[in-house]
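One-letter residues, chain by chain:
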Amino acid sequence: MTGWRAFSTVVRWDVAREMRRRSTLAAMAATALVVLFVLSFAVDARRADDPRIRAGLLWVTWILAGAVGAERAFRGGRDAMTDGFLLAPIPRASLFWGRTVSTFLFTTAMSALSIPVFLVLFDASVPSAGLAWLAAVSLLALLGMSALGVLLASMTSSVRGGDVLLRLLMLPVLLPAVAAAVTGTGQLLGGQDPGIRPAALLLAFDLTFLGAGHLLFDHAAEDRT
Amino acid sequence: MSAPAVSARGLAKRFGPREALRGLTFDAEPGRCLAVVGHNGSGKTTLLRILATLSRADAGELSVAGRSLPKESVAVRARIGVVLDDALLPSDLSLAEGLRMHADLHGVPSPEARIAELCERFGLAPRQDDPVRTFSRGMLQRAALCRALLHAPELLLLDEPSNGLDASGTALLDAEIRAHCARGGAAVLVTHDLERVAACADRALHLRSGRIDADGPAADVIRALRGGAAA
Ligand SMILES: Nc1ncnc2c1ncn2[C@@H]1O[C@H](COP(=O)(O)OP(=O)(O)O)[C@@H](O)[C@H]1O
Ligand SMILES: [Mg+2]
């Protein structure tokens, strides 16, 4: 089987399984909504009208929900999905790309769902000229998070408390890229032009994580018991 | 003379300080079933997972289905059918769908007909459209056998395949292993069930603490084990 066919088979069946049980989407959406609601009580956004705070709240929500999604994408060694796919005669790299893309699709659905909720709860608005910027930056961030999450989850799933470890590892690695995205989003919500720099930084991070996953997945996915 | 189905030379594997396998050297021949027996914790599952490319030996040389591991693991995975203690079928999909997923991943030609044939053979046809999570332990084991046979593998790697099977399931399993070997395929059968060894295996390895304690004709190894238990 060619790498491309293997990749598309993995994506197709990941999506088919998720459509059946919807557990990953449900877990992410629930996380996102709970975080947004709690934050909306904690932070009175109408008064705290610093757009950087709002941007920070949105990204905190996405990161937490994204980590939940990534962790579920590649769980415990005895997970039927995982071993079943690991026995398929496809390169591990195809499995990594397939799982990253399906996780990306799920996290994108989650963030698309949470944006309107965010805008209502925090009484915020995105200038229509900034929509393309926000879409590009959030898609780049979600792609990087999915790649990093799938890679880290495959490494940490054999470790007790692996999900905690996953979040601990994920956050510092993501930090510089997310910092740029948050600053940019804040400028956008404040009516300024955030420029291209955050997107460029996120793109560099995506390429790093995708490259690392492509090369390391073979080793990372082994010996999970 | 065809190449051995498994050729292992000095396989070793440790988990931290624990040595699970301490230098195993053996071959498995095409057309033969090799049983691997031994107490709990003797290293049987560890060995099978290494043969199945799910784990990597720390030392030693290994070829499976004529391909060397870990280098040619994709080619090996195309040629092996594996039963582990988990059926490896998505619990929310129906059996037919789960098998279809594996058939797609293996590039099985005319998968629908193949799936129908196997479900029929293992007595699962009436339940093939039910979610796998509704299956009993024995049905799951039958389903796992269907999955392992789906792509007509050269080599079967079976870890305790008779777990949970009733008498008719066990008879099906024995018949399946013997038919597979009669067609020229090979099997590695990990089991603590000496009945299965007697019914299916040509040769047996006895593992003790990660070492080969005995390697010989199945009947001899069984006799030694039964004698040892009586003594
Ligand atoms: N993932 C693991 N981590 C640590 N030790 C392990 C792991 N897997 C197996 N072992 C150890 O390796 C030895 C052999 O285990 P195993 O191959 O499962 O035995 P068997 O299948 O013969 O019962 C045991 O001592 C077991 O505790
Ligand atoms: Mg075992």
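Conventions used here
- Residues numbered from 1 in each chain as written.
- Chains lettered and ligands numbered in written order.
- Predicted model: local features only at pLDDT ≥ 70, side-chain atom pairs only at ≥ 80, totals over all residues.
- Heavy atoms only, no water.
- pLDDT = per-residue confidence, 0-100.
- Helix = DSSP H or I, 4+ residues; strand = E, 2+ residues; numbered from the N terminus.
- Contact = heavy atoms within 4.5 Å.
- Buried area = accessible area lost by both parts, 1.4 Å probe.
- Salt bridge = Lys/Arg side-chain N within 4 Å of Asp/Glu carboxyl O.
- Polar contact = N/O pair within 3.5 Å; in protein donor to acceptor, adjacent residues only side chain to side chain.
- Nonpolar A, V, L, I, M, F, W, Y, C, P; charged D, E, K, R; others polar.
- Domains from an automatic or database assignment.

Q: Help me out: how do you make sense of the confidence of the model for chain A in this one?
A: Close inspection of predicted coordinates is inappropriate for parts of the model with low pLDDT. Summing up the model confidence of chain A, the mean pLDDT is 79 and the portion of residues at 70 or higher is 82%. Mean pLDDT per element in chain A: helix α4 (residues 80-86) of chain A is the minimum at 67, and helix α1 (residues 3-21) of chain A is the maximum at 87.

Q: Mind showing me how you'd approach the interface of chain A and chain B here?
A: Note: interface size is frequently given as the accessible area lost on complex formation between the parts. The interface is formed by 27 residues belonging to chain A together with 30 residues belonging to chain B. For the pair chain A and chain B, the summed buried surface comes to about 2600 Å²; carbon and sulfur atoms form 59% of the total. Of all residues in chain A, Trp 13, Leu 87 and Pro 89 of chain A give up the largest surface area on contact with chain B, accounting jointly for 26% of the area buried on that side. Between chain A and chain B we count two salt bridges in total. A salt bridge links Arg 12 of chain A to Asp 104 of chain B; the shortest N-O distance between them is 3.4 Å. In this structure, the connection of chain A to chain B is made through six residue pairs in polar contact (both at pLDDT 80 or more). Secondary-structure elements contributing two or more residues to the side of chain A that touches chain B are α1, α4 and α8 (197-220) of chain A. Top contributing element to the side of chain A that touches chain B by residue count: α1 of chain A, with seven residues. Of the residues that constitute the side of chain A that touches chain B, the class distribution is twelve nonpolar, four polar and eleven charged.

Q: Looking at this structure, I do not really get the domain arrangement of chain B. What am I missing?
A: Residue and element names in this part refer to chain B. Domain boundaries in chain B define domain 1 (1-79 + 154-231) and domain 2 (89-152). Relative to domain 2, the C-alpha centre of domain 1 lies at a distance of 24 Å. At the interface, 16 residues of domain 1 touch twelve residues of domain 2. With both chains or domains summed, domain 1 and domain 2 bury close to 1100 Å², and 59% of this area falls on carbon and sulfur atoms. Three residues stand out in domain 1 for area buried against domain 2, namely Leu 165, Leu 172 and Glu 176, and they jointly supply 39% of the buried area on that side. Joining domain 1 to domain 2, the criterion identifies two salt bridges. One can count four residue pairs in polar contact (both at pLDDT 80 or more) joining domain 1 with domain 2. For the side of domain 1 that touches domain 2, the secondary-structure elements that each account for two or more residues are α2 (73-79), β7 (155-159) and α6 (167-182). Here the element with the most residues in the side of domain 1 that touches domain 2 is α6; it accounts for five residues.

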